[in-house]
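Structural features, examined
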Amino acid sequence: MPLYEYEHTGKPCKKGKTFEVTQDFEDDALEKCPHCGRKVVRLISGASIQFTKGPAELKNMGFTKLVRRDKGVYENVTAQDGESKVWEQDKPETMPDFKSRFTDGD
Ligand SMILES: [Zn+2]
């Protein structure tokens, strides 16, 4: 189930200004803090991106997504040309080249 983040519109309570609640997709957003009963709003968190973006989109955006296939073995589902599709933790040569995804801005 997805985790949603809520923020108090007014004063925070002892749970803090923001707190997280696990809810079903169909559940309505909470309007009141379950701890103090004051008004809260649901925040759109980064987590929701993971539900809507597939590997192809992540790859285009320059992200690397690793999916665990076995103990210490990960499949790089966003592997670029020339990169190993499988990353084995005890084989450094199969490690994705994260550095090549970043530029200095020129
Ligand atoms: Zn509260």
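First, a word on scope: everything that follows refers to the structure included in this document. (Residues numbered from 1 in each chain as written. Predicted model: local features only at pLDDT ≥ 70, side-chain atom pairs only at ≥ 80, totals over all residues. Heavy atoms only, no water.)

1. Remarks on the overall build of the chain
Across its full length, the chain holds two helices and six strands. Along the chain, from the amino end to the carboxyl end, the secondary structure elements read β-β-β-α-α-β-β-β. The buried share of the chain, taken over its 106 residues, is 22%. The long-range fraction of contacts in the chain, counting pairs at least 24 apart against all pairs at least 6 apart in sequence, stands at 24%. Of the accessible surface of the chain, which amounts to about 8100 Å², a share of 51% is contributed by carbon and sulfur atoms. (Helix = DSSP H or I, 4+ residues; strand = E, 2+ residues; numbered from the N terminus. Buried < 20%, exposed > 50% of the residue type's maximum accessible area, 1.4 Å probe, protein only. Contact = heavy atoms within 4.5 Å. Areas by Shrake-Rupley, 256 points an atom, 1.4 Å probe, with all protein chains shown as cover.)

2. A few points about the coordination of the zinc ion
Reference geometry at the metal: tetrahedral coordination by four donors gives ideal angles of 109.5 degrees; octahedral coordination by six donors gives 90 or 180 degrees. Donor atoms from the polypeptide that bind the zinc ion are His8 (NE2), Cys13 (SG), Cys33 (SG) and Cys36 (SG), placed at 2.1 to 2.3 Å. Taken together, the four donor atoms surrounding the zinc ion define angles of 103 to 121° at the centre, an arrangement classified as tetrahedral. Positions of the donor residues of the zinc ion, expressed as sequence spacing, correspond to H-x4-C-x19-C-x2-C. Here cysteine 33 lies in the loop between strand 2 (18-22) and strand 3 (40-43) and histidine 8 lies in strand 1 (residues 3-8), a separation of 25 residues in the sequence. We note that histidine 8, like cysteine 33, is buried. (Donors = N, O, S within 2.8 Å, 3.2 Å for Na, K, Ca; no water. Tetrahedral: all angles 85-135°; square planar, octahedral: opposite > 155°, others 65-115°.)

3. A word on the nonpolar core
With seven residues, the main nonpolar core is built from Tyr4, Tyr6, Cys13, Phe19, Val21, Cys33 and Val40. Those elements that provide at least two residues to this core are strand 1 and strand 2. Apart from residues lying up to four places away in sequence, tyrosine 4 is in contact with Phe19, Glu20, Val21, Gln23, Asp24, Phe25 and Arg42. (Core = buried A, V, L, I, M, F, W, Y, C linked by side-chain atoms within 4.5 Å.)

4. So, the environment of arginine 38
Here arginine 38 shows up in the loop between strand 2 and strand 3. If sequence neighbours within four positions are ignored, arginine 38 has contacts with Lys11, Pro12, Cys13, Glu31, Lys32 and Cys33.

So yeah, pure geometry; function would need other evidence.
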